[in-house]
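The residues making up each chain are set out below.
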Amino acid sequence: MEPSILDYYNDYPSMIKIIDALNEENNHLQDELDSTKGELDSIKCELDSIKGELEFYKSIFKTHRNSVVYNLYIKYKDKQRLWIDKIRTDYYELKQLDEDEDIKEWLKPVRCER
(Lines give C-alpha, C1' and ligand atoms only; values in the text may rest on other atoms or scores of the structure.)
Protein backbone atom coordinates (compact mmCIF):
# COMPACT_ATOMS: atom_id res chain seq x y z
CA MET A 1 0.00 0.00 0.00
CA GLU A 2 0.99 3.56 -0.55
CA PRO A 3 1.90 5.53 2.55
CA SER A 4 -0.75 8.04 3.57
CA ILE A 5 -0.35 11.63 4.70
CA LEU A 6 -1.23 10.62 8.28
CA ASP A 7 1.81 8.34 8.33
CA TYR A 8 4.02 11.41 7.98
CA TYR A 9 2.71 12.86 11.26
CA ASN A 10 2.68 9.56 13.27
CA ASP A 11 5.69 7.86 14.82
CA TYR A 12 4.89 4.60 13.04
CA PRO A 13 3.02 3.98 9.79
CA SER A 14 -0.52 2.60 10.14
CA MET A 15 0.56 -0.70 8.58
CA ILE A 16 2.74 -1.41 11.64
CA LYS A 17 -0.38 -1.75 13.81
CA ILE A 18 -1.76 -4.37 11.45
CA ILE A 19 1.56 -6.24 11.42
CA ASP A 20 1.72 -6.14 15.24
CA ALA A 21 -1.83 -7.53 15.47
CA LEU A 22 -0.93 -10.31 13.04
CA ASN A 23 2.23 -11.11 15.04
CA GLU A 24 0.21 -11.34 18.28
CA GLU A 25 -2.31 -13.64 16.60
CA ASN A 26 0.53 -15.76 15.24
CA ASN A 27 2.10 -16.05 18.71
CA HIS A 28 -1.25 -17.03 20.21
CA LEU A 29 -1.84 -19.69 17.55
CA GLN A 30 1.72 -20.99 17.92
CA ASP A 31 1.20 -21.39 21.68
CA GLU A 32 -2.04 -23.30 21.03
CA LEU A 33 -0.22 -25.52 18.53
CA ASP A 34 2.57 -26.25 21.01
CA SER A 35 0.12 -27.19 23.76
CA THR A 36 -1.82 -29.40 21.33
CA LYS A 37 1.41 -31.15 20.30
CA GLY A 38 2.19 -31.79 23.97
CA GLU A 39 -1.25 -33.29 24.52
CA LEU A 40 -0.83 -35.41 21.39
CA ASP A 41 2.53 -36.74 22.61
CA SER A 42 1.08 -37.67 26.00
CA ILE A 43 -1.87 -39.40 24.33
CA LYS A 44 0.52 -41.32 22.07
CA CYS A 45 2.49 -42.52 25.12
CA GLU A 46 -0.75 -43.57 26.82
CA LEU A 47 -1.86 -45.40 23.67
CA ASP A 48 1.45 -47.26 23.47
CA SER A 49 1.15 -48.38 27.10
CA ILE A 50 -2.44 -49.53 26.53
CA LYS A 51 -1.35 -51.47 23.44
CA GLY A 52 1.32 -53.16 25.54
CA GLU A 53 -1.30 -54.07 28.17
CA LEU A 54 -3.57 -55.48 25.47
CA GLU A 55 -0.78 -57.60 24.01
CA PHE A 56 0.05 -58.90 27.48
CA TYR A 57 -3.54 -59.94 28.12
CA LYS A 58 -3.80 -61.51 24.67
CA SER A 59 -0.74 -63.58 25.47
CA ILE A 60 -2.86 -65.77 27.78
CA PHE A 61 -4.21 -67.57 24.73
CA LYS A 62 -0.72 -68.23 23.37
CA THR A 63 1.09 -69.30 26.53
CA HIS A 64 -1.63 -70.96 28.64
CA ARG A 65 -4.01 -72.55 26.20
CA ASN A 66 -5.10 -75.37 28.48
CA SER A 67 -5.25 -73.43 31.74
CA VAL A 68 -8.32 -72.17 33.50
CA VAL A 69 -8.31 -68.37 33.63
CA TYR A 70 -9.09 -68.13 37.36
CA ASN A 71 -5.95 -70.18 38.07
CA LEU A 72 -3.76 -67.66 36.25
CA TYR A 73 -1.93 -64.93 38.10
CA ILE A 74 0.24 -62.06 36.95
CA LYS A 75 3.65 -62.42 38.53
CA TYR A 76 7.06 -60.91 37.91
CA LYS A 77 10.30 -62.54 36.89
CA ASP A 78 13.26 -60.13 36.74
CA LYS A 79 10.75 -57.26 36.84
CA GLN A 80 8.93 -58.48 33.74
CA ARG A 81 5.30 -59.52 33.92
CA LEU A 82 4.23 -63.00 32.99
CA TRP A 83 1.30 -65.31 33.50
CA ILE A 84 1.63 -68.10 36.05
CA ASP A 85 -0.76 -71.02 36.42
CA LYS A 86 -0.60 -71.85 40.10
CA ILE A 87 -1.77 -75.42 39.50
CA ARG A 88 0.65 -76.35 36.69
CA THR A 89 3.72 -74.49 37.91
CA ASP A 90 6.38 -76.52 39.69
CA TYR A 91 8.54 -75.61 42.66
CA TYR A 92 11.59 -74.71 40.54
CA GLU A 93 9.64 -72.20 38.42
CA LEU A 94 8.13 -70.63 41.54
CA LYS A 95 11.59 -70.14 43.04
CA GLN A 96 12.69 -68.21 39.93
CA LEU A 97 9.90 -65.65 40.28
CA ASP A 98 10.19 -62.37 42.16
CA GLU A 99 8.96 -63.10 45.66
CA ASP A 100 5.63 -61.75 46.94
CA GLU A 101 2.96 -62.91 49.41
CA ASP A 102 1.31 -65.37 46.98
CA ILE A 103 4.61 -66.96 46.02
CA LYS A 104 5.58 -67.40 49.68
CA GLU A 105 2.23 -69.07 50.35
CA TRP A 106 2.52 -71.37 47.32
CA LEU A 107 6.02 -72.45 48.32
CA LYS A 108 4.89 -73.66 51.75
CA PRO A 109 4.40 -77.42 51.90
CA VAL A 110 0.81 -78.60 51.82
CA ARG A 111 -0.28 -80.75 54.75
CA CYS A 112 -2.06 -83.94 53.89
CA GLU A 113 -5.44 -84.48 55.45
CA ARG A 114 -6.72 -87.86 56.54
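Here the structure is shown first, and the text comes after it.
About the criteria used
Residues numbered from 1 in each chain as written. Predicted model: local features only at pLDDT ≥ 70, side-chain atom pairs only at ≥ 80, totals over all residues. Heavy atoms only, no water. Core = buried A, V, L, I, M, F, W, Y, C linked by side-chain atoms within 4.5 Å. Buried < 20%, exposed > 50% of the residue type's maximum accessible area, 1.4 Å probe, protein only. Contact = heavy atoms within 4.5 Å. Phe/Tyr/Trp six-rings, centres within 6.5 Å; stacked < 30°, edge-to-face > 60°. Helix = DSSP H or I, 4+ residues; strand = E, 2+ residues; numbered from the N terminus. Lys NZ or Arg CZ within 6 Å of the ring centre and 35° of its normal.

**A look at the nonpolar core**
Counting 5 residues, the largest nonpolar core is built from Ile 84, Leu 94, Leu 97, Ile 103 and Leu 107. If we skip the residues at most four places from it in the chain, Ile 103 touches Lys 75, Leu 94, Leu 97 and Asp 98.

**Concerning the packing of aromatic side chains**
Applying the stated criterion across every chain yields a total of 4 aromatic pairs. Ring geometry for Tyr 73 versus Trp 106: centroids 5.1 Å apart, planes at 65°, classification edge-to-face. One end of the pair, Tyr 73, is in strand 1 (residues 72–77); the other, Trp 106, is in helix 5 (residues 101–107), and 33 residues separate them in sequence. Joined through ring pairs, the aromatic side chains of Phe 56, Tyr 57 and Trp 83 make up one cluster. The ring of Phe 56 has Arg 81 lying over it, and the distance from NZ or CZ to the ring centre is 4.0 Å.

Keep in mind these values describe shape, not function.
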